[in-house]
Amino acid sequence: MNILITGGAGFIGSHLVRRLVHRYPEYHIHNLDALTYAGNLENLKDVENAPNYSFIKGDITQAAFLEKLFGQTNFDGVIHLAAESHVDRSIADPMAFVRTNVIGTVNLLNAAKTFWRKHGEHRRFYHISTDEVYGSLGETGLFSETTAYDPNSPYSASKASSDHFVRAYGETYGLPYVISNCSNNYGPNQFPEKLIPLFIRNILENRELPVYGDGNYTRDWLYVKDHAAAIDLVFHQGANQKTYAIGGFNEWKNLALVHLLCDIMDSKLGRATGSSKELIAHIKDRPGHDFRYAMDASRINRELGWEPSVTFEEGLEKTVDWYLKNTAWLQNVINGNYQRYYKEQYGG
Ligand code: NAD
Ligand code: TYD
């Protein structure tokens, strides 16, 4: 099987690429990534020479490039993760999200539709999405596969739009697809603009921890390797034209999460208990800030037997350990040195 993974140099994509390269030596894993600020080939240094892995530098907003790529390689499956993924950036520049998340996804769908129709039907287009498409919950209730879409941020609106296009290509053109909507991921290799890695970096550097508003917002957190395991399972055993909700059964208010992180960091860094908490600063809230996300992941649990493998405390400790061991990674990402790495490794 030739599997095309888009966005494989990013946070979740790199964990998925590594998992599939190791678990399926009989597959060839093609990683297509534009290497935006969020894409980093250092994430995949350990598999870059694997015989069943190749990297393709390319941009999904370029339709002609995708048509050519699908003409050259007979992909049996696509797992589509490439996206602009940060809510705050979407507030500053919505159009970048329209280009990659909406137009990029439709370009990929078009390439798959054209080439897969010519070459047979045993294919699968797997679109990776987010729980944020469902909008915001109050104090109670859970999102599930049947919750109506109600996106509030430009990011979630662009992901909702791409989900709708995938479904429409299934209904209209018979494209075999599957979608999963997952809650907030955390773990190694996450770009330090998202809450957990940003706060780890700031604690390390004794900088302010900027909590939006009162910090009473709630997210459901899942360890990234558990998400990669769920994607592997859905890709192989999920039903066509279906959606799967994926979540950690693990809700935390932001402030409680930050307190736990501060305690772990103080203990790992040998600092006095409570010293990192002193860095917390409540700042101006994010516009349109969704109050609460929580996923009911019981379908994937019941039908495919998936469940998270680590508790939040375990996962957060592993994450902190990784960042403390990989301060060079953090510095390279911040400095943009990984661009140089790419040039050294691949030229151009
Ligand atoms: P990320 O920002 O870490 O990585 C995105 C990757 O896509 C990067 O490697 C980037 O270079 C690449 N990319 C961006 N624009 C591209 C383009 N035009 N062409 C080709 N490649 C491009 O994102 P992530 O957190 O790993 O998220 C991956 C996917 O999972 C996204 O679709 C996101 O919406 C979804 N998701 C993320 C989370 C989360 O908590 N991070 C939760 C649920 C779903
Ligand atoms: P984030 O990691 O950006 O993920 P998302 O917005 O997609 O859920 O943010 C997680 C939560 O943390 C969210 O409620 C916003 C909040 N947050 C802060 O309070 N301060 C910050 O600096 C960031 C980045 C996020």
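Our subject is the structure listed above.
What this report covers is the structure whose coordinates are included nearby.

Conventions adopted
- Residues numbered from 1 in each chain as written.
- Chains lettered and ligands numbered in written order.
- Predicted model: local features only at pLDDT ≥ 70, side-chain atom pairs only at ≥ 80, totals over all residues.
- Heavy atoms only, no water.
- Helix = DSSP H or I, 4+ residues; strand = E, 2+ residues; numbered from the N terminus.
- Rg over C-alpha atoms; globule rule 2.2 N^0.38 Å.
- Buried < 20%, exposed > 50% of the residue type's maximum accessible area, 1.4 Å probe, protein only.
- Contact = heavy atoms within 4.5 Å.
- Areas by Shrake-Rupley, 256 points an atom, 1.4 Å probe, with all protein chains shown as cover.
- Lys, Arg positive; Asp, Glu negative; His and termini not counted.
- Charge placed at Lys NZ, Arg CZ, Asp CG, Glu CD.
- Pairing = 2+ DSSP bridges.
- Axes fitted to C-alpha atoms, helices over the stretch in contact; angles between N-to-C directions.
- Near = heavy atom within 4 Å.
- Polar contact = N/O pair within 3.5 Å; in protein donor to acceptor, adjacent residues only side chain to side chain.
- Nonpolar A, V, L, I, M, F, W, Y, C, P; charged D, E, K, R; others polar.
- Salt bridge = Lys/Arg side-chain N within 4 Å of Asp/Glu carboxyl O.

**Digging into the overall build of the chain**
When its secondary structure is counted, the chain shows 12 helices and 12 strands. In terms of overall size, the chain behaves like a compact globule, its C-alpha atoms giving a radius of gyration of 20 Å where 348 residues would be expected to give roughly 20 Å. Along the first, second and third principal axes, the C-alpha atoms of the chain reach 65 × 50 × 40 Å. In the chain, buried positions account for 57% of the 348 residues. Of all intrachain contacts in the chain linking residues separated by at least 6 positions in sequence, the fraction that spans at least 24 positions is 82%. Summing over all exposed atoms, the chain offers an accessible surface of approximately 14200 Å²; the carbon and sulfur share of this is 49%. In the chain, the 34 positive side-chain charges and the 40 negative ones have mean positions that sit 5 Å from each other.

**Re the sheet that holds strand S5 (residues 124-130)**
Sheet architecture is open: 7 strands sit in the order S3-S2-S1-S4-S5-S6-S10, paired in parallel fashion. Strands at the two margins of the open sheet, each flanked by one partner only, are strand S3 (53-57) and strand S10 (242-246). Across the sheet, the axes of successive neighbouring strands diverge by a mean angle of 20°, strand direction being ignored. Pairing of strand S1 (residues 2-6) with strand S4 (residues 77-80), which is carried by 4 bridges, proceeds in the parallel orientation. In the sheet register, Ile5 faces S4, and the bridge partner there is Ile79. Across the sheet, helix H1 (residues 11-23) lies against S1, strand S2 (28-33), S3 and S4, angled at about 165° from S2, the strand it touches most.

**Regarding the site of ligand 1**
Within the structure, ligand 1 sits among 29 residues, and Ile12, Asp33, Ser85, Tyr155 and Lys159 are positioned closest to it. Contact between ligand 1 and Tyr155: an oxygen atom at 2.7 Å from a side-chain N or O atom of the residue. Counting residues per element, the ones that place at least two in the shell around ligand 1 are H1, S5, helix H5 (154-173) and strand S7 (184-186). At 3 residues, the largest contribution of residues to the shell around ligand 1 is made by S5. Tallied by class, the residues present in the shell around ligand 1 amount to 13 nonpolar, 13 polar and 3 charged.

**Remarks on the pattern of salt bridges**
For the structure on display, the rule yields 13 salt bridges. Of the charged contacts in the structure, one is a salt bridge between Glu317 and Lys268, with a shortest N-O distance of 3.0 Å. A residue pair is termed long-range when its members are at least 10 positions apart, and Glu317 in helix H10 (residues 312-325) and Lys268 in helix H8 (residues 254-269) qualify at 49 residues. For Glu303, the salt bridge is made with Arg299, and the minimal N-O distance between the two is 3.8 Å. Within this pair, Glu303 and its partner Arg299 are both found in helix H9 (residues 298-304), separated by 4 residues, close to a single helical turn. What emerges from the salt-bridge pattern is a single network uniting Arg19, Arg23 and Asp232.

**A few points about the site of ligand 2**
Around ligand 2 lies a shell of 18 residues, among which Glu132, Pro210, Arg219, Arg286 and His289 are the nearest. Between ligand 2 and Tyr212, the relevant distance is 2.8 Å, taken from an oxygen atom to a main-chain nitrogen or oxygen of the residue. If ligand 2 stood free it would expose 510 Å²; the protein chains cover 97% of that surface. When residues of the shell around ligand 2 are traced back to their parent elements, those giving at least two are helix H6 (195-204) and strand S8 (209-212). A per-class count over the shell around ligand 2 returns 9 nonpolar, 4 polar and 5 charged.

**Considerations on the pairing of S4**
Alternating residues of S4 divide into Gly77 and Ile79 and Val78 and His80, and every residue in both groups is buried. Looking at chain direction, S4 and S5 are connected through 4 bridges and run parallel. Bridge pairing links Val78 to Phe125 in S5.

**Observations regarding the environment of Arg286**
You can see Arg286 is positioned in the loop between strand S12 (280-283) and H9. When residues no more than four places from it in sequence are discounted, the contact partners of Arg286 are His86, Val87, Asp88, Ile91, Tyr212 and Arg219. There is a polar contact of 2.7 Å between the side chain of Arg286 and the side chain of Asp88.

**Some remarks on the environment of Met1**
Positionally, Met1 belongs in the segment before S1. Between the C-alpha atom of Met1 and that of Asp76, which follows or precedes it by 75 residues, the distance is 5.8 Å. Leaving out residues up to four positions away in the same chain, Met1 has contacts with Glu26, Tyr27, His28, Asp76 and Phe235.

**Section: H6**
Burial of H6 is extensive: 7 of the 10 residues sit out of reach of the surface. Buried residues of H6: Ile196, Pro197, Phe199, Ile200, Arg201, Asn202 and Ile203, and no others. Elements in contact with the buried residues of H6: S7, S8, strand S9 (218-223), H8, H10 and helix H11 (327-335).

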